[in-house]
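Coordinates in review
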Amino acid sequence: MWDSFGICLIESESHPRRSAVPTRTPLRRSTASLAALTLSVGGWLLGGTAEAAQPLPPEPTSARAAAPDGGTLAPTPPMGFNNWNSTQCGAGFNEAMVKAVADLFVSQGLRDAGYRYVNLDDCWALPQRDASGNLVPDPVRFPNGLKSLADYVHGKGLRFGLYSTAGTKTCNSNGFPGGLGHERQDAALWASWGVDFLKYDNCGNQGLDARTRYRTMSDALRATGRPILLSVCEWGQNKPWTWAPALGEMWRTTLDISDNWSRMIGLAHQNQKLAPYAAPGAWNDPDMLEVGNGGMTDTEYRTHFSLWAQMAAPLLIGTDLRTADRATYDILLNQDVIAVDQDPLGRQGVVVSSAGGKVVMAKPLADGSVAVTLTNETTATATVSTTVSAVGLGNASSYELKDLWSKATSSTTGAVSAAVPPHGTVMYRVTPGAQTPAADGTRPLSDRSWSQAYNGHGPVERDRSNGERPAGDGRTMSLRGTAYGRGLGTHAPSEVVYYLGGSCERLTVTVGIDDESGAAGTAVFQIWRDGTKVADSGRLTAADPAKVLTADLTGGERLRLVVTDAGDGIDHDHTDWADPRLTC
């Protein structure tokens, strides 16, 4: 289903990631009962009705090969280079170019900025396999072979990628050999060369089932024992975001990009709808970057780069870096924008508002700040505006605004606004102002932005009870006659997740059934530090006194506040996390 912001809400079972460690808690659907379920990211309502969500331990790990350190191959969106947008199959695509790009990654600071992959696209092979059925690198383009080239790239501290297709022929008109029917043979050959990344296209597919074709190559890569990142380039035809997370680290959500404004912004619109499907180790890919290829203005390229970062998209440079001008390098090396793309929380930004060509996106970040893009898609300068509340921030008295392109900083008490040039984007990092801790050193949890939340009825509310319907319809939280001005109003079943990054030691909170439920309502409150339950209220009814929970959060990356219905249904389960105080 689609919510009012055009966000697709996930209703299918979670797919296993390819990571060797859990990356997030899935939403599992219970068939026992139906309830109005509200999913939000960073505090934004995504809305909708679905089956009642049951908090479960982290999802199972995948059998796919993992990174050497045991983690996912792509904990953040992959960054690197691919030659296609600048050379396609021209004569300039050769060994000398690839080596020069690897050299420039080092000398121009791209490697240090996070770009790692140097990838070859179509036309690297001869049109025919050899007598043994092996792919043969074109000896004119690559006289020393691809293992030698991979060794050169690895010697620069970089990774090496190749291209093939899940069909009999690649997309080029010359029809180079595809991988269909040769998956195990090709994967073993690539592993022997030291390949780290495979872009697997969709041409020549013979009308065969896409999931089967891509699963076969995924299994073949796993069988090599080498960690090879799989980019499922299926063009979004069969909704790969619903099945590709089990097979690869990224999947194309669109057809190919072109170096012009209308095509670029159109692909952004398609990809924006898929935010719920992105997560660490699994990324929506609206195709490679065109920055620097000459078909757009620098203003439009800054918008392109900003939106790709805001959407947590892979950043694969598509220009010939040997001839790139300073403005191109300045865009590609903007560390503040890259930091948004590479934020470890791993959330894709969502569209908060869109009207008259003025589009606001917001992306929650691991440190509690929010990245905000104000995009003007019209042909005249326009003021694009939002508020800190609309982008998911809470009750700080002031907020710092850092313009990620001009680097200017300012402050606001609520408004986030800018005059934006035609086809331009102003990108802010919005950070709550420093909160003065209480005498005991604690700070209110409700001042932080959550990274993910779902709720049985209505949205999770800050500093008020849950009224079940629109945001802000709750009342002052009250537990057994005691009013609370700070906290979270939830409705079972519920889960609210905060990213702590190992920076906090303790949470103290008072929990119970809000007085507005009358004599009805039962729930269990649980506090989880990553995958460990560190506090449990036991079964509480509306007649029970409020209960104080204290949880040890030392070293925890994520804090999860979970409410269950105590097994007797969710009617009247208005649940309060009252006066939650963090020690950090």
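The structure reproduced in this document is the subject of the present report. What you see is a predicted model, and the numbers here were worked out from it, not measured in a lab. (Residues numbered from 1 in each chain as written. Predicted model: local features only at pLDDT ≥ 70, side-chain atom pairs only at ≥ 80, totals over all residues. Heavy atoms only, no water.)

**Some words on the packing of helix α2 (residues 95-107) against helix α4 (residues 145-155)**
The relative placement of two packed helices is expressed as an angle between their axes plus a distance between the axes. Here α2 crosses α4 at 15°, and the two axes come no closer than 10 Å. The angle between α2 and α4 falls in the class roughly parallel. Of the two possible hands of crossing, α2 and α4 adopt the one that is right-handed. Residues Glu95, Val98, Lys99, Ala102 and Asp103 of α2 lie in contact with α4, whose contacting residues are Gly145, Leu149, Tyr152 and Val153. (Axes fitted to C-alpha atoms, helices over the stretch in contact; angles between N-to-C directions. Helix = DSSP H or I, 4+ residues; strand = E, 2+ residues; numbered from the N terminus. Parallel < 35°, antiparallel > 145°, perpendicular 65-115°, else oblique. Left-handed = near helix turned anticlockwise from the far one by under 90°. Contact = heavy atoms within 4.5 Å.)

**Quick notes on the nonpolar core**
The biggest cluster of nonpolar side chains holds 101 residues, and the ones touching the most others in it are Phe105, Tyr115, Leu120, Trp124, Phe305, Trp308 and Leu321. Of the residues forming this core, the biggest block, six residues, is contributed by α2. When sequence neighbours within four positions are dropped, the list of residues in contact with Phe305 reads Tyr115, Leu289, Leu315, Ile331, Leu332, Val337, Ile338 and Trp405. Counting residues in each nonpolar core, the second largest holds 28 residues, with Leu445, Phe525, Leu540 and Ala542 among its members. (Core = buried A, V, L, I, M, F, W, Y, C linked by side-chain atoms within 4.5 Å. Buried < 20%, exposed > 50% of the residue type's maximum accessible area, 1.4 Å probe, protein only.)

**Side note on the packing of aromatic side chains**
Overall, the coordinates contain eight aromatic pairs when judged by the stated rule. Judged by centre distance (5.6 Å) and plane angle (85°), the rings of Tyr200 and Tyr214 are edge-to-face. In this pair, Tyr200 is assigned in strand β8 (residues 197-201) and Tyr214 in helix α6 (residues 210-224), connecting sequence segments 14 residues apart. A single burial state applies to Tyr200 and to Tyr214, both of which are buried. Arranged with centres 6.5 Å apart and planes meeting at 65°, the rings of Phe305 and Trp405 form a pair that is edge-to-face. Taken together, the residues span a long stretch of sequence, with Phe305 in helix α8 (residues 298-310) and Trp405 in the loop between β17 (399-403) and β18 (409-412) at a distance of 100 residues. Accessibility classification places Phe305 together with Trp405 in one group, the buried group. (Phe/Tyr/Trp six-rings, centres within 6.5 Å; stacked < 30°, edge-to-face > 60°.)

**Some points on the state of the cysteines**
Under the counting rule described, the total for this entry stands at three disulfides. Disulfide pairing places Cys171 opposite Cys203 at an S-S distance of 1.9 Å. Looking along the S-S bond of the Cys171-Cys203 disulfide, the torsion reads about 100°, which is the right-handed sense. Here Cys203 lies in the loop between β8 and α6 and Cys171 lies in the loop between β7 (159-165) and α5 (183-193), a separation of 32 residues in the sequence. With relative accessibility at 35%, the residue Cys171 sits in the partly exposed group. Shown here is the disulfide that connects Cys504 with Cys584, its sulfur atoms set 1.9 Å apart. Between Cys504 and Cys584, the S-S torsion sits near 85°, and that sign places the bridge as right-handed. Here Cys584 lies in the segment after β33 (574-583) and Cys504 lies in the loop between β27 (494-499) and β28 (506-513), a separation of 80 residues in the sequence. What connects to what in the chain, once the bonded cysteines are numbered by sequence position, is 1-2, 3-4, 5-6. (Disulfide = S-S within 2.5 Å.)

**A few points about the sheet that holds strand β9 (residues 229-232)**
Overall, parallel pairing links the eight strands, which are arranged β11-β10-β9-β8-β7-β6-β5-β12 in an open sheet. The open sheet is flanked by β11 (283-285) and β12 (315-317), the only strands paired with a single partner. Direction aside, the axes of adjacent strands within the sheet are offset by 25° on average. Sheet analysis places strand β5 (residues 79-82) next to strand β6 (residues 117-119), joined by three bridges and oriented parallel. In the sheet register, Asn82 faces β6, and the bridge partner there is Asn119. Lying on the sheet, α6 is in contact with β8 and β9; it crosses β8 at an angle near 160°. (Pairing = 2+ DSSP bridges.)

**Overview of the environment of Leu332**
Relative to the helices and strands, Leu332 is located in helix α9 (residues 326-332). In the structure, Leu332 is positioned 41 residues away from Val291 in sequence and 7.8 Å away in space, judged by C-alpha atoms. Contact partners of Leu332, with chain neighbours within four places excluded, come to Leu110, Tyr115, Leu289, Val291, Phe305, Ile317, Leu321 and Ile338.

**Structural notes on the sheet that holds β18**
Either a parallel or an antiparallel arrangement is found when strands of a sheet pair, and the pairing is made through backbone hydrogen bonds. The six strands lie next to each other as β13-β14-β15-β20-β17-β18, forming an open sheet whose pairing is antiparallel. Each edge of the open sheet carries a strand with a single partner, namely β13 (350-355) and β18. Between one strand axis and the next, the sheet turns by 25° as a mean value, whatever way the strands run. Pairing of strand β15 (residues 370-376) with strand β20 (residues 425-432) involves six bridges; the strand directions are antiparallel. Of the residues in β20, the one forming a bridge with Leu374 is Val426. On the sheet, α8 packs against β14 (358-364), β15 and β20 and is oriented at approximately 140° with respect to β15.

**Points about the pattern of salt bridges**
Applying the stated criterion across every chain, the model contains 22 salt bridges. Notably, a salt bridge pairs Asp287 with Arg252, separated by 3.3 Å at the nearest N-O pair. With Asp287 in the loop between β11 and α8 and Arg252 in strand β10 (residues 250-252), this residue pair connects regions lying 35 residues apart in the sequence. Judged by relative accessible area, Asp287 falls into the buried class, the value being 4%. Assessed through its relative accessible area of 1%, Arg252 is described here as buried. Where Asp330 meets Arg326, a salt bridge forms, and the shortest distance between an N and an O atom there is 3.2 Å. Of the two residues, Asp330 and Arg326 are both situated in helix α9; the distance of four residues between them amounts to about one turn of the helix. Here the residues in one salt-bridge network are Arg252, Asp256 and Asp287, joined through shared partners. (Salt bridge = Lys/Arg side-chain N within 4 Å of Asp/Glu carboxyl O.)

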